[in-house]
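# Notes for the structure review
One letter stands for each residue in the lines below.
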Amino acid sequence: MERCPVCNARYAGNRQCHRCKADIGMLADIEEAADSFRQKAVDAYYAADYPLMLDHARRSCSLRKTSDAVWLMACAAFLTRRFDMALRLRNSMANNQSWTMERVNAKSCNHP
Ligand SMILES: [Zn+2]
């Protein structure tokens, strides 16, 4: 979370917005849980436990649906031979122009 969803103030890492005093701690907890499941999915990938990778990637994606979370879940679906799910996720990414540009920009940053 980069900004308060209530007033759009910059998120400073506190559980309460510094401007509007909204309680945003629960949202931060959800993002932290999503990041934790995403890391567990990556760990499962390196352990070659692809069903576990898919389980963690699905949980991460259900908590916070970012392009990276969808991409990770699509990879996990592919590795577990769930080709229908992998294709559906890939198509959902292709249909979301902002996600596509996000990935293109990320690749540009990695490969100058
Ligand atoms: Zn606020």
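Residues numbered from 1 in each chain as written. Predicted model: local features only at pLDDT ≥ 70, side-chain atom pairs only at ≥ 80, totals over all residues.

## Description of the overall build of the protein
How we decide: The helix and strand labels rest on DSSP assignments: H or I over at least four residues marks a helix, E over at least two residues marks a strand, and numbering proceeds from the N terminus. Counts of 20 or more other C-beta atoms within 10 Å of a residue's own C-beta define buried residues, counts of 12 or fewer define exposed ones, and intermediate counts define partly exposed ones; C-beta atoms are placed from the backbone. This entry defines residue contacts through backbone-placed C-beta atoms, with two residues in contact when those atoms are within 7 Å.
The helix and strand tally for the protein stands at five helices and zero strands. Seen in sequence order, the protein has helices and strands lined up from the N terminus as α-α-α-α-α. Each of the 112 residues in the protein was classed as buried or not, and the buried ones make up 19%. Put simply, 27% of the contacts in the protein that link residues at least 6 apart link residues at least 24 apart.

## Some points on the confidence of the model for the protein
The condition that has to hold: Confidence scores labelled pLDDT are given residue by residue by the predictor and lie between 0 and 100.
When pLDDT is averaged along the protein, the result is 87, and 86% of the positions lie at 70 or above. Averaged pLDDT values for the elements of the protein fall to 54 in helix H5 (residues 97-110) and rise to 96 in helix H2 (residues 50-63). Counting interchain partners and residues more than four positions distant, the pLDDT-below-50 stretch residues 108-112 has zero contacts.

## Focus on the packing of helix H1 (residues 25-46) against H2
As a reminder of what qualifies: Axis definition: a line fit to C-alpha positions, over the contact stretch in the case of helices; interaxial angles, taken between N-to-C directions, run 0 to 180 degrees. Convention used here: angles under 35 degrees read as roughly parallel, angles over 145 as roughly antiparallel, angles from 65 to 115 as roughly perpendicular, and any remaining angle as oblique. The crossing is said to be left-handed when, going from far helix to near helix, the turn is anticlockwise and less than a right angle, and right-handed when the turn is clockwise. Three classes are used, and their members are as follows: Ala, Val, Leu, Ile, Met, Phe, Trp, Tyr, Cys and Pro are nonpolar, Asp, Glu, Lys and Arg are charged, and the others, Gly among them, are polar.
H2 packs onto H1 with a crossing angle of 160° between their chain directions and a minimal axis gap of 8 Å. As far as their axial angle goes, H2 and H1 are roughly antiparallel. Judged by the sense of rotation from one axis to the other, the crossing of H1 with H2 is left-handed. Listed contacts from H2 to Ile 30, Ala 33, Ala 34, Phe 37, Arg 38, Lys 40, Ala 41, Ala 44 and Tyr 45 of H1 are Leu 52, Met 53, His 56, Ala 57, Arg 59, Ser 60 and Leu 63. Its residues placed into classes, the contact of H1 with H2 shows 11 nonpolar, two polar and three charged.

## Some words on helix H3 (residues 67-79)
The following threshold applies: Given a helix with a known number of residues, its expected span is that number minus one, times 1.5 Å.
Between the first and last C-alpha of H3 there are 18 Å, a value that for 13 residues agrees with the 18 Å anticipated at 1.5 Å per step. Every buried residue of H3 is accounted for by Ala 69, Leu 72, Met 73, Ala 74, Ala 76 and Ala 77. Those residues of H3 that are buried lie in contact with H1, H2 and helix H4 (83-94). Two residues or fewer after H3 comes Arg 81, characterised by a positive phi angle close to 65°.

## A few points about the nonpolar core
Threshold: We define the nonpolar core as any set of buried residues of the types Ala, Val, Leu, Ile, Met, Phe, Trp, Tyr and Cys, connected via C-beta atoms lying within 7 Å of each other.
Core analysis: the largest hydrophobic core is formed by 15 residues, its most contacted members being Ala 41, Met 53, Ala 57, Met 73 and Ala 76. Of all the elements in the fold, those that place two or more residues in this core are H1, H2 and H3. Per-element tally for this core: the top contributor is H3, with six residues.

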